[in-house]
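Chain by chain, the residues:
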Amino acid sequence: MTIPNMPNDKAAAARLAGLLDSAMDAIISVDESQRVVIYNRAAEKIFGYAAAEMIGQPLAKLLPERFRNGHAEHVQRFGKTGVTSRRMSGSQVVFGRRANGEEFPVDASISQVDTPEGKLYTVILRDVTERMEAEQEQTRLAARLSGLLEAAMDGIITIDESQRIIFYNRSAEKIFGWSPVQVIGRPLDMLMPKRFRGGHKHQVRTFGDTGVTSRRMGSSAVIHGLRANGEEFPLDASISQIDTAEGKLYTVILRDITERMRAQQELAAFAAEASGVREQEKSRIARELHDELAQTLTALKMDTLVVRDSLPAGQGESSAKLDEMLRLLDSAVASTRRIAADLRPLVLDDLGLLPAIEWLGQNFTQRTGIDCAIDASEEFELREPYATAIFRIVQESLNNVAKHAQASHVDVALARRGDEIVVSVQDNGSGFRLSEPRKPHSLGLVGLRERALLLRGKVDVASEPGMGTRVEARIPVREGEGMP
């Protein structure tokens, strides 16, 4: 490549030519008549014309026909401004034309310099075909993603680091009742009850500090949202975070679970009612066994005693048979009372919860030989259905100890803490790993949890091999609800 109108310093001209040819961007210079006087190797590669084909040719040869007149006027106006350099076309895309007729987008800037032979305009340009295609693909992907988010059945809300809403899909609009115009740019806490706002802000900031990409919000607790009409409602939500050039973005995906919670409450009410009916039926059968069958067997025993004592001397065989009958009657009476007590101990209905628990502990010790200590206030008493639920929880816990724990001592404690009744059963047995699979047909812990769940409570189990097992049930009882 040659440099026109340069001084006689051939070495300097050669160095300049080498620099221009080594440039990665196309460099084209034109004179005042807009004919090409410099055309480097990068320009040859981009446009497909050799330098020999372009030197002396009008610059318009490298432009699509529809842009040629406008481009010539643009260069002339630029020459009159006196500005040394500027980007061409502003925010619009400039197009070039290759030797094969293909049009392509370029990023270009133009500069001017006055020489003894007149103005010299230099254009530096870069083929941005790949960049434009990538941007178009990104735009298409963003449009598809936006469509997917808008079509999602769950509410999707994205907030920035200041916890202001920047994205709010149609499902969120349907759930909360606010339009996007009303919430975009507003704080996220406008969508939750006031009592939760401060804690939620802190929770989001803490989540951002953890670096965890996503997690469920609220864990086992139900979180609440606030509709535009002021109605509170339960929802299930998860949160994720991503780092962007503008800072962290948090995205919350949420689902209105009002209907699910209502169904669960109705199911729990039905289960509680069914459990109550079963307990009533057990109580009726237990009382009939105790008051009728046991008394009848006792009367029969007394009559048998009279018959045996009235036998004349020498009736040894008959007397032995009557003795055997008396032993069977004693066994039948004991079995009847045991069955009645297993169904429902009458002491629970007649004397109350604490005497029933004490009876349960004594009976457990007599049956298993395991020492059982009861710790409860003498004034501790509850109404139904709480009394029966707690009695059954203790009963099933002790049964589990007898079957599996290999313990020598058990502590049973009952206490009221605030609005909760706390029941714990702690043994010093062999313990187990909670992660181990449950034995087939072993439903002891499941039964405990279900009983607590019927009264909106929960059961926690702590155990380690060789460290015993602790079962703790917490049952919420509002003031005046469970206490007599």
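Here's what I pulled together on the structure shown here. Positions within a chain are numbered from 1, following the residues in the order the chain's sequence is written. Local features in this predicted model are restricted to residues whose pLDDT is 70 or higher, and side-chain atom pairs enter the listing and the counts only when it is 80 or higher, whereas totals over whole chains, interfaces and linings include all residues. Processing note: side-chain calculations cover all non-hydrogen atoms of the structure and skip hydrogens and water entirely.

This next bit is on the overall build of the chain. In terms of helices and strands, the chain carries 14 helices and 17 strands. Here's how the labels work: a residue is buried when its accessible area is under 20% of the maximum for its type, exposed when over 50%, partly exposed in between, all with a 1.4 Å probe on protein chains only. Within the chain, the fraction of its 484 residues that count as buried is 35%. The contacts of the chain with a sequence gap of at least 6 include a subset with a gap of at least 24, amounting to 54%. Under the convention used here, a 1.4 Å probe and the Shrake-Rupley method define accessible areas, while residue burial counts only the protein chains that appear. In the form shown here, the chain has an accessible surface area of approximately 28500 Å², with 54% of it arising from carbon and sulfur atoms. The numbering of helices and of strands both runs from the N terminus, where a helix is a DSSP run of H or I of at least 4 residues and a strand a run of E of at least 2. In this description, contact between two residues means that some pair of their heavy atoms is separated by no more than 4.5 Å.

It is worth spelling out the pairing of strand β17 (residues 469-476) at this point. Between any two strands, at least two bridges found by DSSP are needed for them to pair. In this sheet, β17 lies alongside strand β15 (residues 420-427) in antiparallel orientation, the contact comprising eight bridges. Note that in β17 the partner of E420 across the bridge is P476. Bridge analysis of strand β16 (residues 458-463) against β17 gives six bridges, and the strand direction is antiparallel. Looking at β17, one finds that K458 is bridged to R474. Joining the antiparallel neighbours β16 and β17 is a turn of five residues, in which G466 adopts a positive phi near 80°.

Pairing is mixed in the open sheet, where five strands are placed in the order β13-β14-β15-β17-β16. Across the chains shown, the open sheet's two edge strands, defined by having one partner strand only, are β13 (371-375) and β16. On average, each strand axis in the sheet is tilted by 10° relative to the strand beside it, whichever way the strands run. Contacting β13 and β14 (409-417), helix α12 (residues 353-368) crosses the sheet at an angle of about 165° to β13. Geometry is summarised by axes, namely lines fitted to C-alpha atoms with helices restricted to the contacting stretch, and by angles between N-to-C directions that run from 0 to 180 degrees. Sitting on the sheet, helix α13 (residues 386-405) is in contact with β13, β14, β15 and β17, with an inclination near 15° to β15.

Salt bridge, as used here: a side-chain nitrogen of Lys or Arg that lies within 4 Å of a carboxyl oxygen of Asp or Glu. Evaluated as defined, the whole model comprises 22 salt bridges. Note that R66 is salt-bridged to E103, the shortest N-O span being 2.7 Å. In this pair, R66 sits in helix α4 (residues 65-81) while E103 sits in strand β5 (residues 103-115), placing the two residues 37 residues apart along the sequence. For E103, a relative accessible area of 35% gives the class partly exposed.

What follows concerns unusual backbone geometry. At Q34, a residue that is not glycine, the phi angle is positive and equals roughly 60°. Locating Q34 in the fold gives a position in the loop between β1 (26-30) and β2 (36-39). Positive phi values are uncommon outside glycine, yet Q406 reaches one of about 55°. By the element assignment, Q406 lies in the loop between α13 and β14.

A word on the packing of α12 against α13. Where α12 meets α13, the closest approach of the two axes is 10 Å, and the angle between their N-to-C directions is 15°. Put simply, α12 runs roughly parallel to α13. Crossing angle aside, the handedness with which α12 passes α13 is right-handed. On the side of α12, the interface is formed by L353, A356, I357, W359, L360, F364, R367 and T368, while α13 contributes A387, I390, F391, V394, Q395, L398, N399, V401 and A402. Amino acids outside the nonpolar list (Ala, Val, Leu, Ile, Met, Phe, Trp, Tyr, Cys, Pro) and the charged list (Asp, Glu, Lys, Arg) are all regarded as polar, and Gly is one of them. The residue makeup of the contact of α12 with α13, split by class, is 13 nonpolar, three polar and one charged. For this classification, under 35 degrees means roughly parallel, over 145 means roughly antiparallel, 65 to 115 means roughly perpendicular, and everything else is oblique. Here is the rule for handedness: rotate from the far helix to the near one, and if that takes an anticlockwise turn smaller than a right angle the crossing is left-handed, while a clockwise turn gives right-handed.

The next subject is the environment of V412. For V412, the location among the structural elements is in strand β14. The residues touching V412, leaving out its near neighbours within four places in the chain, are C372, A373, I374, D375, V394, L398, S424 and V425.

Throughout this description, the term nonpolar core refers to a set of buried Ala, Val, Leu, Ile, Met, Phe, Trp, Tyr and Cys residues connected via side-chain atoms within 4.5 Å. L353 and L398 are the most contacted members of the largest nonpolar core, which totals 37 residues. Mapped onto this core, the elements with two or more residues apiece are α11 (346-350), α12, α13, β14, β15, α14 (444-454), β16 and β17. For this core, the element with the highest residue contribution is α13, accounting for ten residues. With sequence-adjacent residues up to four places away left out, L353 is seen in contact with L348, F380, E381, L382, A387, I390, F391 and L414.

To continue, consider the pairing of strand β12 (residues 247-256). As judged from the five bridges shared by strand β7 (residues 155-159) and β12, these two strands associate in the antiparallel manner. Across the sheet, I156 pairs through a bridge with I253, a residue of β12. Direction of pairing for strand β11 (residues 232-244) relative to β12: antiparallel, over a ladder of ten bridges. What sits directly across from D243, in β12, is K248.

By this rule the span expected of a helix is its residue count minus one, scaled by 1.5 Å. The end-to-end C-alpha distance of helix α8 (residues 194-210), which contains 17 residues, comes to 26 Å, matching closely the 24 Å that a straight helix rising 1.5 Å per residue would cover. Along α8, the residues classified as buried are H200, V204, F207 and G208. Just past α8, the residue G211 takes up positive phi, approximately 85°.

For the rest of this paragraph, the subject is the packing of aromatic side chains. Any pair of Phe, Tyr and Trp rings, taking the six-membered ring for Trp, is counted once the centres come within 6.5 Å. Such a pair is stacked with planes under 30 degrees apart, edge-to-face with planes over 60 apart, and tilted for the rest. Under the defined criterion, the tally for this structure stands at five aromatic pairs. Taking the centre distance of 6.2 Å and the plane angle of 10° together, the rings of F67 and F95 count as stacked. Here F67, found in helix α4, pairs with F95, found in strand β4 (residues 94-97); they are 28 residues apart in sequence, far enough to count as distant. Pairing F207 with Y250 gives two aromatic rings, centres 6.4 Å apart and planes at 50°, and the pair type is tilted.

For the rest of this paragraph, the subject is the environment of D460. With respect to the secondary-structure elements, D460 resides in strand β16. For the pair D460 and R474, spaced 14 residues apart in sequence, the C-alpha separation works out to 8.4 Å. The residues touching D460, leaving out its near neighbours within four places in the chain, are R470, V471 and E472.

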